[in-house]
Structure formats: structure tokens, C-alpha cells
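Coordinate analysis (summary)
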Amino acid sequence: MSDNPSVKPPVLFWVLAPLFVLWNIIGCSMYVLEMTMTDAAYADAFGPDVAAVRDIFPVWAVSAYALAVWSGLLASILFLLRRRLSVSIFMFSWVSAIIGFIPSFTSATLREAYGPTFWIMPLFVVILGLFEIWYSRRQRAKGILR
């Protein structure tokens, strides 16, 4: 673990870091979109069954969703800037995302409204979050993150 600024990141770092930022910008955009949509617009975008259960999500789950996306964006920007703090914030974001998904997996009403493929996006988010943590930890160990 070196604080040597001459340690050059591999090309893959410069490919993945902007993709991490882009992914997290999309997450923040989806959060803002979902939180500001009218009920009619929400029904048009996600279907009437999903719109009908929109208010079932507890405040703590929506708060976890907000923490997950905004901390994920912060972590990805810090990662792009090669800051080691990004590792801890990626972990915080990942845990927040899992907490935010709890109602989706524990509520039969929500699972029914979302349909049989409801688990695809949560699974993708959890796997990608694990990859961000793993990759950022590797870069920290190599001295890429300062």
C-alpha cells in the first residue's frame, strides 16, 4: 500500500472508473425520477400493478434507497479521483442497497405486483456493488488509491 502518486492505474481502471460513475448517475437519476413522478406518470412508466403498491414501501426502505444511490455516486467519483475512502463508501452503498431491497423480497404483495422477474434488478445491483467493492479493494491494495 503505497502513497506514491507515481503508481499508474492500469487501463482497465480508466475503463471501469467512468463506467462506475455512469452507473451511479443512472441510479441517482432513477431515484429522483421515481420520487418526483406523479402517480399517473408512475403507472405509465412501471404499470398499474406496480403503481398500486407504490405507497407500501416503508420510509426506512426509501431512505436506504436514497443512501445507496447517492453514496454510490460519491464512492464512484472518489474512485475516479483515486481516493481510498471510495472503498468504505462503496461498502456503505452496497449495504444500503440491500436494506432498501428488503421489502421487495419480504412482501408478497410487492413480489406479486412486480411479477416473476422482480428479482433481476436487485440481483444485478447487488452483484455490481460487490464487484465495485472487490475491484476498489484490489486497487487500494496495489497502491492505486491514495
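Now for a look at the structure at hand. (Residues numbered from 1 in each chain as written. Predicted model: local features only at pLDDT ≥ 70, side-chain atom pairs only at ≥ 80, totals over all residues. Heavy atoms only, no water.)

Quick word on the nonpolar core
Within the largest apolar cluster, 14 residues are counted, with the highest numbers of intra-cluster contacts made by F13, F20, F79, F90, Y135 and L145. Contributions of two or more residues to this core are made by α1 (11–36), α4 (59–80), α5 (85–106) and α7 (120–141). With 4 residues, α1 is the largest single contributor of residues to this core. With 6 residues, the next largest nonpolar core counts Y31, A66, V69 and L73 among its residues. (Core = buried A, V, L, I, M, F, W, Y, C linked by side-chain atoms within 4.5 Å. Buried < 20%, exposed > 50% of the residue type's maximum accessible area, 1.4 Å probe, protein only. Helix = DSSP H or I, 4+ residues; strand = E, 2+ residues; numbered from the N terminus.)

Quick word on the layout of surface pockets
Of the volumes computed, that of the largest pocket is approximately 1100 Å³. Lining the largest pocket are 36 residues, with E34, Y65, F101, M121 and V125 sitting closest to its centre. Among the elements that line the lining of the largest pocket, the one with the most residues is α5, at 8 residues. Residues that form the lining of the largest pocket fall into these classes: 24 nonpolar, 8 polar and 4 charged. (1 Å grid on protein atoms, 1.4 Å probe; cavity = no way out; pocket = protein on both sides within 12 Å on 5 of 7 lines; lining within 4 Å. Points joined across faces, edges and corners; volume = space filled by probe spheres on them. Nonpolar A, V, L, I, M, F, W, Y, C, P; charged D, E, K, R; others polar.)

Some thoughts on the pattern of salt bridges
All told, the structure shown has 1 salt bridge when counted by the stated rule. With a shortest N-O distance of 3.0 Å, R54 and D39 are connected by a salt bridge. Residue R54 is found in the loop between α3 (48–52) and α4, and its partner D39 is found in helix α2 (residues 39–46); the two are separated by 15 residues along the sequence. Looking at D39, the relative accessible area reads 55%, which means it is exposed. (Salt bridge = Lys/Arg side-chain N within 4 Å of Asp/Glu carboxyl O.)

These values are about where atoms sit, not about what they do.
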